[in-house]
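Fold and contact review
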Amino acid sequence: MHAPPSHRSFGNTQAGGVASGADHITPDCAGGNFYEIDRGLRDLLALYLEPIDFRRLEPHFHRLGALSGGRLDELARVADKHPPVLNARDRFGRDEDWIDYHSSYREMESIAFGDFQFHAMSHRAGTLGMDRPLPAVAKYALQYLFVQAEFGLMCPISVTDTSIHLIRKFASAELKDYLLPKMLSDDTATQWKGTQFMTERAGGSDVGAIETTARCEDGVWRLYGDKWFCSHADADVALLLARPEGAPTGTRGLALFALPRRMKDGRRNAYRIVRLKDKLGTRSMASGEILLEGAVGYLVGDPGRGLKQMMEQVNLSRLSHGVRAAAMMRRCVNEAMVCARGRIAFGKTIVEFPLLRRQLLKIAVPSEQSLSMFLFTASAMDRANAGSKEAEGLLRILTPLLKFRACRDNVPVATGAMEVRGGNGYIEEWVHARLIRDAHIGVLWEGTSNINALDIVNRAIGKSGAHRTLGEALAKLLDEATPIPSTFRARLRLALKRTLAFAERVAATPALEASARQVASSLYHVASAILMTREAAQPGADARRALYARFVLEYRLGAQDPLEPAAGDWERQAAEILFSERPVAIGDLAELLV
Ligand SMILES: Cc1cc2nc3c(=O)[nH]c(=O)nc-3n(C[C@H](O)[C@H](O)[C@H](O)COP(=O)(O)OP(=O)(O)OC[C@H]3O[C@@H](n4cnc5c(N)ncnc54)[C@H](O)[C@@H]3O)c2cc1C
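Just so it is clear, the model here is predicted, and its values are computed rather than measured. (Residues numbered from 1 in each chain as written. Predicted model: local features only at pLDDT ≥ 70, side-chain atom pairs only at ≥ 80, totals over all residues. Heavy atoms only, no water.)

**Some words on the pattern of salt bridges**
According to the stated counting rule, one finds 54 salt bridges in the structure shown. The shortest N-O distance in the salt bridge between aspartate 226 and arginine 201 comes to 2.2 Å. Here the residue aspartate 226 occupies a position in strand S7 (residues 220-231), and arginine 201 occupies one in the loop between strand S5 (194-197) and strand S6 (213-217), the gap between them amounting to 25 residues. Measuring nitrogen to oxygen at the nearest pair gives 2.8 Å for the salt bridge that ties arginine 550 to glutamate 554. In this pair, arginine 550 and glutamate 554 are both assigned in helix H16 (residues 544-555), four residues apart and thus about one turn of the helix distant. Both residues of the pair, arginine 550 and glutamate 554, count as buried. Among the charged side chains, a salt-bridge network with shared partners connects Asp28, Asp73, Arg77, Arg331, Glu335 and Arg421. (Salt bridge = Lys/Arg side-chain N within 4 Å of Asp/Glu carboxyl O. Helix = DSSP H or I, 4+ residues; strand = E, 2+ residues; numbered from the N terminus. Buried < 20%, exposed > 50% of the residue type's maximum accessible area, 1.4 Å probe, protein only.)

**Notes on the confidence of the model for the protein chain**
Averaged over every residue, the pLDDT of the protein chain is 94; the share at 70 or more is 96%. The low-confidence segment residues 1-20, where pLDDT is below 50, has 83 contacts with residues more than four positions distant or belonging to other chains. (pLDDT = per-residue confidence, 0-100. Contact = heavy atoms within 4.5 Å.)

**Comments concerning the environment of phenylalanine 404**
Locating phenylalanine 404 in the fold gives a position in helix H10 (residues 389-421). Remark: the alpha-carbon pair of phenylalanine 404 and arginine 267, spanning 137 residues in sequence, is separated by 41 Å.

**Details of unusual backbone geometry**
What you tend to see is this: most non-glycine residues have negative phi, and most peptide bonds are trans. Backbone geometry at threonine 282 places phi at a positive 45°, although glycine is not the residue there. Topologically, threonine 282 is positioned in the loop between strand S10 (271-276) and strand S11 (287-300).

**Description of the site of the ligand**
The full set close to the ligand counts 19 residues, and Met198, Thr199, Ser205, Ser231 and Thr448 are the nearest of them. Here glutamine 196 contributes a backbone N or O atom positioned 3.0 Å from a nitrogen atom of the ligand. Measuring from an oxygen atom of the ligand, one finds a backbone N or O atom of serine 231 at 2.7 Å. Protein coverage of the free-state accessible area of the ligand, which is 970 Å², stands at 64%. Contributing elements (two or more residues each) for the shell around the ligand: S5, S7 and helix H12 (449-461). By residue class, the composition of the shell around the ligand is nine nonpolar, eight polar and two charged. (Near = heavy atom within 4 Å. Polar contact = N/O pair within 3.5 Å; in protein donor to acceptor, adjacent residues only side chain to side chain. Areas by Shrake-Rupley, 256 points an atom, 1.4 Å probe, with all protein chains shown as cover. Nonpolar A, V, L, I, M, F, W, Y, C, P; charged D, E, K, R; others polar.)

**Quick word on the nonpolar core**
Generally speaking, a soluble globular protein has its nonpolar side chains buried in company with each other. Counting 170 residues, the largest nonpolar core has Leu45, Phe61, Phe118 and Leu523 as its most contacted members. For this core, the element with the most residues is H10, which contributes 16 residues. Setting aside anything within four residues of it in sequence, one finds phenylalanine 61 in contact with Tyr35, Leu45, Leu49, Phe54, Ala138, Ala141, Leu142 and Leu145. (Core = buried A, V, L, I, M, F, W, Y, C linked by side-chain atoms within 4.5 Å.)

**Digging into the packing of helix H9 (residues 354-385) against H10**
Packing of H9 against H10 brings their axes to within 8 Å, and their N-to-C directions diverge by 155°. As far as their axial angle goes, H10 and H9 are roughly antiparallel. In this structure, H9 meets H10 at a crossing whose hand is left-handed. Taken together, the residues of the contact of H9 with H10 sort by class into 18 nonpolar, five polar and six charged. (Axes fitted to C-alpha atoms, helices over the stretch in contact; angles between N-to-C directions. Parallel < 35°, antiparallel > 145°, perpendicular 65-115°, else oblique. Left-handed = near helix turned anticlockwise from the far one by under 90°.)

**Focus: the pairing of strand S8 (residues 237-244)**
Across the eight residues of S8, eight count as buried, placing the element largely inside the fold. Judged by which residues are buried, S8 turns out to be covered on both faces: Val237, Leu239, Leu241 and Arg243 on one side and Ala238, Leu240, Ala242 and Pro244 on the other are all buried. As judged from the four bridges shared by S5 and S8, these two strands associate in the parallel manner. Bridging across to S8, glutamine 196 finds its partner in leucine 239. Where S6 meets S8, two bridges bridge the pair, whose relative direction is parallel. Paired with alanine 214 across the two strands is proline 244, which belongs to S8. (Pairing = 2+ DSSP bridges.)

Below is the structure:
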């Protein structure tokens, strides 16, 4: 068994542990409470949630934090080693395909869909004792805690939640009456879970190239085609895109359908899971290929607006993917800190070595950036849901920014945390191998990095002008952060101005398309630096967040000379403060926030 970590601080993260002496193997985070050790999350939830919601929901954050460091973590380790198995036929030779899951996966499902009811918490009252749906900030904070233990199952959880959203928003009254009571149920034995099948061999990024067709036969839509990537392959209802016969080519001709796994009389609908994918990561969850052989589909919404409607689901998933990346990076920070404080080399704990500190900062800074970015994005969603047009604009640009950059950062962060553990990090019985394998999917699904960057530059900036809304909101936050030295705020203001000008230039110049990712990264970095600065300025907040902002400003938004020492005096002092355990106020940082 792993020894529980003792809780020391690293910036606003508390984690730590001691080497177990006799065998010299440094423990991991198993047994910790992932909410209680996360000072940053606790502080920021108090900022981003209404006080009444924070008070009501905090016991659930504590409870999930304990589960995530405990039972869920144990289950996730086992489920990863026992991937799902497809049975194509039953013993009578009937094409009654089904997927067997390990009991560990089933137990995680009952925590997610039964106890916490992640799928329903945005859509109805009654989850976690709330008298109304949960705010988005709370939902994504819960996802953040869950994913620190288990990543694979978050796909079925999230895609059920987002399928419910589409059905509530676009389906006919009759279809809603049929599907929603089953999908919103808290009875794990009978509830219907959702999924989304879009990608085909001919079209992933290029959705308009998909070949699945819909034929209206005797007043019933029947679907014919081959879906190439189908996560949560055995979901009870899948939302998918198909082209009705005679509809135009390209994305304009795509309609949205709901595909039930079983017909109203209980028979299997006419589609088969042909095989499951042997995947690099997300191994606990079943992704497969689906052959549609005249399956019955229910048209959802306007047939000419299938992709537009589906994009609502895609955008919700993108936000969740950003949160998942943030969660995995947090796990990496916690694991790396346990190792750094526990491992002895050359007579010292390794956290004392300047080079290792630098490595830890490369793990911690992107993790803190993503925390601020996802909470700010979720709070924009809450305000947009309450009718704010400004927040709608913010959400439009923040969602792909978060998905793009946090998912990319997750990949080197996972590798970096493995390296801090040393050779043990490479061994499958520790969490690092799984974190590395799982991290990579974030740059692929719901649009690759390029597709998200193009969405930011061509549509969010070029078409919607959402960068201006973001720029105004960030400038205002900076103005309000008066406890922060004005020189530092002036530098951030200048970085914001230059980033917005750069973004506009690239969006207006087709020849500069190859700079789209550079634009997306700089917008993310400047936004996260300003958010962390503003958060550090809150009364009682941990002022260390402003130091993370300085790292972003220097290393992500400023030029570096590769032939000069990277770590200057300020960085040594900043690292000293970040690795110390004493409380830090803004006043202590005056010389570092310049
Ligand atoms: C494990 C797993 C599970 C998945 N689950 C699902 C699912 O449940 N439902 C679903 O619908 N899909 C799913 N997907 C599919 C996923 O969303 C696609 O793989 C992804 O959208 C990329 O599409 P593609 O694989 O066809 O790559 P392609 O579109 O062929 O892209 C190949 C490369 O070309 C680049 N590229 C394409 N167009 C451009 C451009 N205009 N400019 C610059 N670069 C470009 C891409 O960035 C990429 O690097 C899953 C994928 C995986 C790996």
